[in-house]
Amino acid sequence: MTWKLISIAISHFLRVRLKSEVRMEFSRAPVAFPAELNDLRDWALVSSARFYRVALLIPMCGSAGLWAPSCISSAQLAVEEINRRNGIGGRQVQLIMIDSALEAKVPVEEIVNDLIQCHAIDAIVGMHISAIRQRLSKVVRQRVPYVYTPLYEGGENTPGIFAIGETPHEQLGPAIETLQKQFRPKRWALIGNDYVWPHTSHSYAKAKLKELSVGLSYERYLPFGVRNMAHYVDEIRHSGADALLISLVGQDAVTFNRAFGAAGLDDKMIRLSCCIEENGLLACGDRNLKRFFTSASYFGSLRTETNCAFKECYYGLHGDKAPVLNVIGQSTYEGIHFLSALMEDKSGDWRERSALSAIDVRYRSVKQSSRPSHPAARAPIYLARADGVMFEVLKQI
C-alpha cells in the first residue's frame, strides 16, 4: 500500500503506518513507538499503566481538511494543561491523530476498531462530520468513551457518546430571527452538503421561516468536492431569494463563496452560515464575503477575560504563527477537557451515560459561560459579520 503523507504545520508528530495514516503526538514522552499494528498491540500491553491514550479523530484531507491544524493545536494545549495536573487518573495523556475525513482511503471505523481491539487507545475525541460519527457509533459500542466536539444536528443520546457541540435550536434559530428582524428578507435560499447535518439544520430553518411567515425559494444539497459552483450560484440568482443559508463544509463553502462573490450577488442578498470559521474566512477572501454573517459560541476575536487568557496560553505554546483560533478547532480543546472531567467524575459509570445524562460534568471551557457554577448552562451564541481577515462580533443572540 502507498502511504499518503499529509503535511501539517504542527511540530512533535510521528507518522505511524496503520492501514492509513495515523499521527501520534506525545507530550514529554521519550518512547520509541512502533510502526505496525502488531507492534502497537504488543506495546499497548506493556505501557497502559503509564499513558492515557486518546485517539483524536480529525479530517486531514478532503473538504474539511482545512480545519486540521487548528484542531490539533487546540487539543495539544489541553493535553499540556491536563498533564501538568497529573494527567487522567494519574496517567500522562497522549494523542493519536487519525484522519477521519469522509474522503480518507481507509474508513476510519476500521482503524478505530483495530485500535480498540488491541487496547491501543483509552478514549476518542472526535471533530468530524456527523456521518462519520454515525458510522463510528456502530463500532465503538461503549468500549471506550467517545467525545464528539463540533456543532451538530442534535439528538445524539447513544450511551458512551458525548456530543458537546451546539445544535440548530441554539445556534441557527436565533441567528435567523435576528437577521430577519434587521434586513426583512422576503424569501430565503438554502444550500448544503448532502448528509445529515445540513438536512436536519435546513428542516429546522424551514420550520423557523414558516413560523416567521417568510418564504423559501430554493433548496439544494451537493455532494462533497464540487469544484465549480457557478451553476448553483446562477440558480440562486434566479430564485428571487433575498437571503441565503449556507451549510456547506470546509473547502466546499470556500469554493461556493468565491463563486458567489465573483457573481456580485452580495449586493442583492445576505448570507448566513453556522460552520464557516476563521480558516474559511481567510480562504474565501475579503472581497467575497460582503454582508456575510455567522453564528457561533466562540470566535478568536472575542474580547472576554477567558479568551484573552486562552490566547496567551495558546500562542505561548505554539508561537505567533500558530494556526488561527476558531470555534471548530477550539472544540477539541473543550473535548479533551470534557473527557478529563468525565473520567475524574465519581458520579457514575460513563458507559451508562450520554450527552443528555452528562450535562452536569464540570469541565474547563474557553467560552464565556456559567459552567463553573452552573454546569447545565450552555455557552452563549454570538452573531458576527465578516470583516477583512477576522469576524466582528456584533452581539449575543
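Residues numbered from 1 in each chain as written. Predicted model: local features only at pLDDT ≥ 70, side-chain atom pairs only at ≥ 80, totals over all residues. Heavy atoms only, no water.

**Considering the overall build of the chain**
Here's step 1: Across its full length, the chain holds eleven helices and 14 strands.
Here's step 2: Within the chain, the fraction of its 397 residues that count as buried is 60%.
Here's step 3: Nonlocal contacts in the chain, meaning residues at least 24 apart in sequence, comprise 68% of its contacts between residues at least 6 apart. (Helix = DSSP H or I, 4+ residues; strand = E, 2+ residues; numbered from the N terminus. Buried < 20%, exposed > 50% of the residue type's maximum accessible area, 1.4 Å probe, protein only. Contact = heavy atoms within 4.5 Å.)

**Brief notes about the packing of aromatic side chains**
Here's step 1: This model, assessed by the stated rule, comprises eleven aromatic pairs.
Here's step 2: Consider the rings of Tyr148 and Tyr152, whose centres lie 6.1 Å apart with planes at 85°: the pair is edge-to-face. We note that Tyr148, like Tyr152, is buried.
Here's step 3: When the ring of Phe256 is compared with that of Phe260, the centres are 5.9 Å apart and the planes differ by 40°; the resulting orientation is tilted. On the criterion of helical spacing, the pair formed by Phe256 and Phe260 is a turn pair, its members being four residues apart in helix H8 (residues 251–262).
Here's step 4: Judged by relative accessible area, Phe256 falls into the buried class, the value being 0%.
Here's step 5: Assessed through its relative accessible area of 0%, Phe260 is described here as buried.
Here's step 6: Feature note: the residues Tyr298, Phe310, Tyr314, Tyr315 and Tyr333 constitute an aromatic cluster, connected by ring pairs.
Here's step 7: If you follow Arg133 out to its NZ or CZ, it ends over the ring of Tyr148, 4.8 Å from the centre. (Phe/Tyr/Trp six-rings, centres within 6.5 Å; stacked < 30°, edge-to-face > 60°. Lys NZ or Arg CZ within 6 Å of the ring centre and 35° of its normal.)

**What to know about the packing of helix H2 (residues 68–84) against helix H10 (residues 305–318)**
Here's step 1: For the pair H2 and H10, the least separation of the axes is 10 Å and the interaxial angle reads 95°. It follows that H2 is roughly perpendicular to H10 by the angle criterion. In contact with Ser73, Ser74, Gln76, Leu77, Glu80 and Glu81 of H2, H10 contributes Phe310, Cys313, Tyr314, Leu317 and His318.
Here's step 2: Within the contact of H2 with H10, the residues separate by chemical class into five nonpolar, four polar and two charged. (Axes fitted to C-alpha atoms, helices over the stretch in contact; angles between N-to-C directions. Parallel < 35°, antiparallel > 145°, perpendicular 65-115°, else oblique. Nonpolar A, V, L, I, M, F, W, Y, C, P; charged D, E, K, R; others polar.)

**Some points on the packing of helix H5 (residues 168–183) against helix H6 (residues 196–211)**
Here's step 1: Where H5 contacts H6, the two axes come as close as 10 Å, and the packing angle between them is 40°. Taken together, the axes of H5 and H6 are oblique relative to one another. By crossing handedness, the relation of H5 to H6 is classed as right-handed. Residues Pro168, His169, Leu172, Gly173, Ile176 and Glu177 of H5 form the contact with H6, whose own contacting residues are Ser201, Tyr204, Ala205, Lys208, Leu209 and Glu211.
Here's step 2: The class makeup of the residues in the contact of H5 with H6 is six nonpolar, three polar and three charged. (Left-handed = near helix turned anticlockwise from the far one by under 90°.)

**Things to note about the pattern of salt bridges**
Here's step 1: The full count for this structure, using the stated rule, is 17 salt bridges.
Here's step 2: For Lys206, the salt bridge goes to Glu219, with nearest N and O atoms at 3.1 Å. Of the two residues, Lys206 is situated in helix H6 and Glu219 in strand E9 (residues 215–222); the sequence distance between them amounts to 13 residues.
Here's step 3: The class of Lys206 is partly exposed, set by a relative accessible area of 30%.
Here's step 4: For Glu219, a relative accessible area of 30% gives the class partly exposed.
Here's step 5: Between Asp345 and Arg353 there is a salt bridge, and its shortest N-O distance comes to 3.5 Å.
Here's step 6: With a relative accessible area of 23%, Asp345 lands in the partly exposed category.
Here's step 7: Since its relative accessible area comes to 8%, Arg353 is described here as buried.
Here's step 8: One connected set of salt bridges, linked through shared partners, spans Arg53, Arg91 and Asp122. (Salt bridge = Lys/Arg side-chain N within 4 Å of Asp/Glu carboxyl O.)

**Details of the environment of Leu272**
Here's step 1: Within the fold, Leu272 resides in strand E11 (residues 270–273).
Here's step 2: On the basis of relative accessible area, Leu272 is assigned to the buried category, the value being 0%.
Here's step 3: Setting aside its immediate chain neighbours within four residues, Leu272 contacts Leu172, Ala175, Ile176, Leu179, Trp188, Leu244, Leu245, Ile246, Phe293, Thr294 and Ser295.

**Concerning the pairing of E9**
Here's step 1: Both strand E8 (residues 187–193) and E9 contribute to a ladder of seven bridges, which runs parallel. Following the sheet pairing, Leu190 is matched in E9 by Glu219.
Here's step 2: Crossover handedness for the path E8 to H6 to E9: right-handed. (Pairing = 2+ DSSP bridges. Right-handed = clockwise from strand over helix to strand, strands pointing away.)

**A look at the pairing of strand E12 (residues 292–296)**
Here's step 1: Burial of E12 is extensive: five of the five residues sit out of reach of the surface.
Here's step 2: Burial along E12 is two-sided: Phe292, Thr294 and Ala296 and Phe293 and Ser295, pointing in opposite directions, are all buried.
Here's step 3: Two strands pair when backbone bridges link them, and E11 and E12 are joined in this way by three bridges, in the parallel orientation. What sits directly across from Leu272, in E12, is Phe293.
Here's step 4: Handedness of the crossover joining E11 and E12 through helix H9 (residues 278–284) is recorded here as right-handed.

**What about helix H4 (residues 130–140)?**
Three or four residues apart is the spacing at which side chains of an α-helix point the same way, because the helix has 3.6 residues per turn.
Here's step 1: Regarding H4, the residues found buried are Ser130, Ala131, Ile132, Arg133, Leu136, Val139 and Val140.
Here's step 2: Arg141 occupies a position one or two residues after H4 and carries a positive phi of about 50°.

**Re helix H3 (residues 108–117)**
Here's step 1: With eight of its ten residues buried, H3 lies for the most part within the structure.
Here's step 2: Phi turns positive, to about 60°, at His119, one or two residues after H3.

Honestly, that's just the spatial picture; any functional story needs more than this.
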